[in-house]
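Residues per chain, in single letters:
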Amino acid sequence: MAKNSTARIAQNMVAQIGKELDFNEMGIYCYRDSTDTPEQLSGRLDGIIAALEAGDIVFFQSPSWNSLKFDQALLSRIRLYPEVKVITIIHDVRALMFETNRYLLEETIAFYNRADFLIVPSQNMYDFLCEHGLTVKKYLVQHLWDQPVDPLTLYDSPTQKVLNFAGDPQKFTFVNDWNYDLPLHLFAKDAPDPKPANLIHEGWKNSQELLTQLSKNGGFGLVWNDGGYTFEYTSKYIAFKLGTYLAAGLPVIVPKGISNEELILKNNLGFVVETIDEAIQKIAEQSPADYAQMKADTKKFAKLLQNGYFTRRSLTDAIYQVLQK
Ligand SMILES: O=c1ccn([C@@H]2O[C@H](COP(=O)(O)OP(=O)(O)O)[C@@H](O)[C@H]2O)c(=O)[nH]1
């Protein structure tokens, strides 16, 4: 997996928080697994689970980003140990990410059905999976991705009227035509070509630099997409960037229908809008005092993400529940 990929950042973060809770990591190498012979695959799986013992609890971060067949084989190997409990953390559902992957849905749900407990990104995702054959009754909802960071590395900018967006313009093409007066700071390796006048290209930053720069820029963090199939997915998954912005202390702008809409409104963490035009208007109309209040509420909430409490809560609560009838 690419060093900078969001999936990798998220999985490493969960593993790191698990280690802080005294879990042992079973690292999984991401590779072209179709090149393995059955013997090679078997040896590899044994290596991954070498420290596993009967009665252990295993958190399976799904997908491993190898093939579904690989994940199924690994789970079968884990399942050979008596009394093992498997808690599957659904990071991403490949079948829902791209329309061309939809055919994988049934097999993916069959894979989830082999877990004793599920950590799902949202209630929407759980309900959707149930409608398509999910039978696991024990689950909890994760809600947000944490973004562990030392708050002393962050700034407190009073700037209100700017937007920040972390994402590749090839995947989120709306940034290529940014023609609003409100400046948009783009965090991505490549700038759109031609670059819109009010788009400030920040380049790719590592996690710490990104958080620091976001806090320096101030304004709002934007969670947006190009609609269509991707939008259907965002009503069920958790945008990683949402946790990033909030941990940096920035209120957010999110599209209506996103899985964590309620949480954002309830805690005064930003605006839920149907269009970018609406977002621009809301920001234009917002008084400095209202922004300061929103920011203060966001900074209070950010402590949860900065200290990894969403992940800690999910991991410990899942154990608590899976060991009970
Ligand atoms: O300069 C950058 C831009 C992005 N990111 C990371 O990439 C995430 C956003 O990636 P993506 O758009 O793929 O994720 P999504 O929000 O769709 O889950 C951010 O939250 C950051 O963790 C980063 O570290 N540096």
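In the block above lies the structure referred to throughout.
This report concerns the structure included in the present document. (Residues numbered from 1 in each chain as written. Predicted model: local features only at pLDDT ≥ 70, side-chain atom pairs only at ≥ 80, totals over all residues. Heavy atoms only, no water.)

## Here we look at unusual backbone geometry
Then comes step 1: Residue Ser62 is joined to Pro63 through a cis peptide bond whose omega torsion reads 0°.
Then comes step 2: By the element assignment, Pro63 lies in the loop between strand S1 (57–62) and helix H3 (68–79).
Then comes step 3: A cis geometry characterises the amide bond from Asp193 onward to Pro194, with omega recorded as 0°.
Then comes step 4: Note on placement: Pro194 falls in the loop between strand S6 (184–187) and strand S7 (199–201).
Then comes step 5: Its identity as a non-glycine residue notwithstanding, Trp65 has a phi of 70°, on the positive side.
Then comes step 6: Tracing the backbone shows Trp65 in the loop between S1 and H3.
Then comes step 7: Assessed through its relative accessible area of 17%, Trp65 is described here as buried. (Helix = DSSP H or I, 4+ residues; strand = E, 2+ residues; numbered from the N terminus. Buried < 20%, exposed > 50% of the residue type's maximum accessible area, 1.4 Å probe, protein only.)

## Thoughts on the site of the ligand
Then comes step 1: Surveying the vicinity of the ligand reveals 14 residues, the closest of which are Lys205, Tyr237, Phe240, Lys241 and Thr244.
Then comes step 2: Note that an oxygen atom of the ligand is positioned 2.9 Å from one of the side-chain N or O atoms of Tyr237.
Then comes step 3: Thr244 places a side-chain nitrogen or oxygen 2.7 Å from an oxygen atom of the ligand.
Then comes step 4: Coverage of the ligand by the protein chains reaches 92% of its 540 Å² of free accessible surface.
Then comes step 5: Given that more than half its atoms are within 2 Å of the pocket grid, the ligand belongs to the largest pocket.
Then comes step 6: Of all the elements, helix H9 (residues 240–247) adds the most residues to the shell around the ligand, at three residues.
Then comes step 7: Class assignment of the residues belonging to the shell around the ligand gives a composition of eight nonpolar, three polar and three charged. (Near = heavy atom within 4 Å. Polar contact = N/O pair within 3.5 Å; in protein donor to acceptor, adjacent residues only side chain to side chain. Areas by Shrake-Rupley, 256 points an atom, 1.4 Å probe, with all protein chains shown as cover. 1 Å grid on protein atoms, 1.4 Å probe; cavity = no way out; pocket = protein on both sides within 12 Å on 5 of 7 lines; lining within 4 Å. Sits in = over half its atoms within 2 Å of the grid points. Nonpolar A, V, L, I, M, F, W, Y, C, P; charged D, E, K, R; others polar.)

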